[in-house]
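Structural overview for review
Below are the chains, spelled out letter by letter.
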Amino acid sequence: MIFAWIVAALTAYLLGNLNGSVSISALVEKDDVRRHGSGNAGLTNFFRNYGGWDTLLVMLVDVLKTAMACFAAGYILSPYGYYREGLMVGAVCVTLGHDFPVLLGFKGGKGILCGVTIAMVVDWRIGLIITAVFLLAFAVTRYVSLGSVLAAIAFGVCFVVFQRDSVPVMLGGLVLAALALFMHRGNICRLVKGTESKVHLIHRDLNKK
């Protein structure tokens, strides 16, 4: 059974290494998103630099890999009676693979879209709540980072509220919330200082003038 846990964890982690921003910028834009803007291999930096419909392709890649990782880990561990725990193993490991991908020099994204997908897979109620929190915060402030931070906090709170019947799943949710806040530590500092950049949905491609 230990081998099954290891396989589940490694499968999810390696799937997390498939970074949507890096892949789409290379395949479609013939470029590397990490050479521009903040240098981050995440969705927000991709949108700021390329905008357009290609951003939806990035989202599709990250959503699919996250869902696949969760369900694969759950499937691997379900014969042992640990399907829900398997989902969370997949959730934590795919996020680690996205944030710290060995195939990309351990420099990945910040995992917010992964978190939304995980919430939808584990408990759709959590997914709807954190999506609403993010959208409301972004609509009011135009700060993606603030929406992400508030969504991460809501993520942790919701896992305590809705998943307290399974301690491993609840703890996994808290770990993911803490990881999301850690990955946004720079953004949090800039928000406090008032130097964080806002994001506008009407994209102006200054690099292709």
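Everything below is about the structure shown above.
Thresholds, definitions, all that
- All residue numbers refer to position in the chain's written sequence, counted from 1.
- Side-chain atom pairs in this predicted model are given and counted only at pLDDT of 80 or more, local residue features only at pLDDT of at least 70, and totals for whole chains, interfaces and linings cover all residues.
- Side-chain metrics rest on all non-hydrogen atoms present in the structure, leaving aside hydrogens and water.
- Pairing of aromatic rings covers Phe, Tyr and Trp, the last through its six-membered ring, and needs centres within 6.5 Å; plane angles under 30 degrees mean stacked, over 60 mean edge-to-face, and all others mean tilted.
- A helix here means a DSSP run of H or I that spans at least four residues, while a strand means a run of E at least two residues long, and both kinds are numbered starting from the N terminus.
- Each residue is assigned to one of three classes by its accessible area relative to the maximum for its type, calculated with a 1.4 Å probe on protein chains only: buried under 20%, partly exposed between the two thresholds, exposed over 50%.
- When the NZ atom of lysine or the CZ atom of arginine is within 6 Å of a ring's centre and also within 35 degrees of its normal, the charge is said to sit over that ring.

Below, the discussion takes up the packing of aromatic side chains. Each pair of aromatic rings is reported with the distance of its centres and the angle of its planes. Counted under the stated rule, the structure contains four aromatic pairs. When the ring of Phe134 is compared with that of Phe138, the centres are 6.2 Å apart and the planes differ by 5°; the resulting orientation is stacked. With Phe134 and Phe138 both in helix H7 (residues 124-141), this residue pair falls four residues apart, about one helical turn. Overall, Phe138 belongs to the buried group, its relative accessible area being 9%. The interplanar angle of 35° and the centroid separation of 4.7 Å between the aromatic rings of Phe155 and Phe159 together place this pair among those described as tilted. With Phe155 and Phe159 both in helix H8 (residues 144-162), this residue pair falls four residues apart, about one helical turn. Given a relative accessible area of 0%, Phe159 falls into the buried group. The ring of Phe138 is capped by Arg142, whose NZ or CZ atom sits 5.2 Å from the centre of that ring. Here Arg185 stacks its cationic end above the ring of Phe182, 4.0 Å away from the centre of that ring.

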